[in-house]
Amino acid sequence: MQKLPKLFANMSEKNNTLHLLGAATGVLGALICQEGQAQEITDYLIPYQPASLENYNFSLGKTKIDYAAQLGVSYIDNVNLSQTGKVDDFAVLAGVNVRAFYQPSRTIALNMNLFVGYQYYLDVDALNTLVINPGSEFRLEKRINDFKVGVYDRIGVELDPLRRAFISGDTLTLAGSEALNWRRINNTIGTGLTWQPTAQFHTETAYEFSIDRSLNENFTTLDLNRHSFQAGGYYDFSRQFTLGLEGEYAMQNYVKKDLNSSQNNSDIIEIGPEVVIRPNRYFDITAKVAYSSIDYEQSGGINDTENFSGVIFEGEIVNRMTRTLTQSVTGRRFVNDGFGTNYADQTIVGYNLTSELTRGLKAQFTANYLWLSTSGTTQAEDANLFSTSIGLTKEINRKSSILVSYSFNRKLSELVDRDFTQSLVSILFNYDL
């Protein structure tokens, strides 16, 4: 199943954004239809299969298997994200990435993409961990007339605390730990149904069950179970213009209810439109807006009674300037649970540039700026986080490549001891066995 676009679970702006988006898309749709461009039918019932597995190591019947080894080394000047008392360290990563694809018929496909490795820190042993690529996925889909049914499972380990903007190297966030032990495992199992009764109209429905657990004694108050019900309907007015309506209802239940700092359970409802515009072969524009309501129970130990309601949004403009040069601009407002507070309201803008400088040499640049505002009273935080990175990938030969990258992160917070800067230099070698 092609998963519902994940606008939901995070977004917001003023209510008149909905009206402006509706008016703009209506006008644009009319203009496109007036141009009389030929309607191209998109088949949303085609079973999922990997983007490409043309090169593989060996095959067993109808199963193709490809694997590659990876070895990397990194230097981080502030592994504990601290304003004072920074700890620097070197890290070594080694592992194997395995891809397998099995398609016995046109209507059934099985895909696995799994990276398994180990990351070792020279000085800070507490950060040593098993690494499972978050992109690892199992998926099975079958087409039945106008329907497509599927089941899937995704598993991964989250190692980067910067994915949660409220994390800093202060004593409160670290819970007294010397190093920032952000080590979490998450797994999502789901089932979905796609229905396409006509060439232009299709629907997507899905149910997902997710778990999120800490791999050590830190941040166990964030351990949760999540049930999510999703639905969406989409109409292709033309190849250049698609309009849809999406909705989600989710229940989040925290596991550690007996702790004094345990988080509050919540019910989440989100609904809103999505529009996809492709004015020509050089541009793709996607915009989503939704009204979000999060109702928190007083089931935990934190002193926060604040709920959230408002408009969330997500948008992206992709511009393929040349065959070897692509840029994109993104904007997003999302709301997820905080740490010691009910929620963290975040707005982020970003820019990405990818270029093939010469044959076999690619460069990528990204920059993001995030505004953070959390709920609550004593632990409420207003902050901003700037992140940027640049990377060069060189293809050594047909089987091997090397990636060199540099990242910089800076957080400024209104709370004491939550500011930090961090630089990271990495070299990663990849060899297709």
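Residues numbered from 1 in each chain as written. Predicted model: local features only at pLDDT ≥ 70, side-chain atom pairs only at ≥ 80, totals over all residues. Heavy atoms only, no water.

Moving on to the overall build of the protein. Looking only at helices and strands, the protein features 2 helices and 20 strands. Sorting the 433 residues of the protein into buried and exposed places 43% on the buried side. Looking at the protein alone, contacts between residues at least 24 apart form 60% of all its contacts between residues at least 6 apart. When the accessible surface of the protein is totalled, it reaches about 21400 Å², and 58% of it is carbon and sulfur. (Helix = DSSP H or I, 4+ residues; strand = E, 2+ residues; numbered from the N terminus. Buried < 20%, exposed > 50% of the residue type's maximum accessible area, 1.4 Å probe, protein only. Contact = heavy atoms within 4.5 Å. Areas by Shrake-Rupley, 256 points an atom, 1.4 Å probe, with all protein chains shown as cover.)

When we look at a pair of aromatic rings, we describe it by the centre distance and by the angle of the planes. Per the counting criterion, the structure on display carries 11 aromatic pairs. For the pair Tyr75 and Phe90, a centre-to-centre distance of 4.9 Å together with 50° between the ring planes defines the contact as tilted. Residue Tyr75 is located in strand 2 (residues 63-76), and its partner Phe90 is located in strand 3 (residues 89-105); the two are separated by 15 residues in the primary sequence. With relative accessibility at 42%, the residue Phe90 sits in the partly exposed group. With a centroid separation of 6.5 Å and 45° between ring planes, the pair formed by Tyr369 and Phe386 is classed as tilted. Here Phe386 lies in strand 18 (residues 382-395) and Tyr369 lies in strand 17 (residues 361-374), a separation of 17 residues in the sequence. The exposure class of Tyr369 is partly exposed, given its relative accessible area of 28%. We classify Phe386 as partly exposed; its relative accessible area is 31%. Pairwise contacts between aromatic rings join Trp182, Phe219 and Phe339 into one cluster. Looking at Arg139, its charged tip hangs above the ring of Tyr152, at a distance of 4.8 Å from the centre. In this structure, Arg184 is placed above the aromatic ring of Trp182, and the distance from its NZ or CZ to the ring centre is 5.6 Å. (Phe/Tyr/Trp six-rings, centres within 6.5 Å; stacked < 30°, edge-to-face > 60°. Lys NZ or Arg CZ within 6 Å of the ring centre and 35° of its normal.)

As a further point, take empty space enclosed by the protein. If you walk through the whole model with that rule in mind, you get 1 cavity of 30 Å³ or more. Its volume calculated, the largest cavity comes out at about 60 Å³. In terms of lining residues, the largest cavity is bounded by Phe166, Thr173, Phe339, Thr341, Thr374, Gln379, Glu381 and Arg418. For the lining of the largest cavity, a count of residues per class yields 2 nonpolar, 4 polar and 2 charged. (1 Å grid on protein atoms, 1.4 Å probe; cavity = no way out; pocket = protein on both sides within 12 Å on 5 of 7 lines; lining within 4 Å. Points joined across faces, edges and corners; volume = space filled by probe spheres on them. Nonpolar A, V, L, I, M, F, W, Y, C, P; charged D, E, K, R; others polar.)

With that settled, the discussion passes to the environment of Asn336. Considering the arrangement of structural elements, one finds Asn336 in strand 15 (residues 325-337). Overall, the relative accessible area of 22% leaves Asn336 in the partly exposed class. As for Asn336 and Arg164, which are separated by 172 residues in sequence, their C-alpha atoms are 9.3 Å apart.

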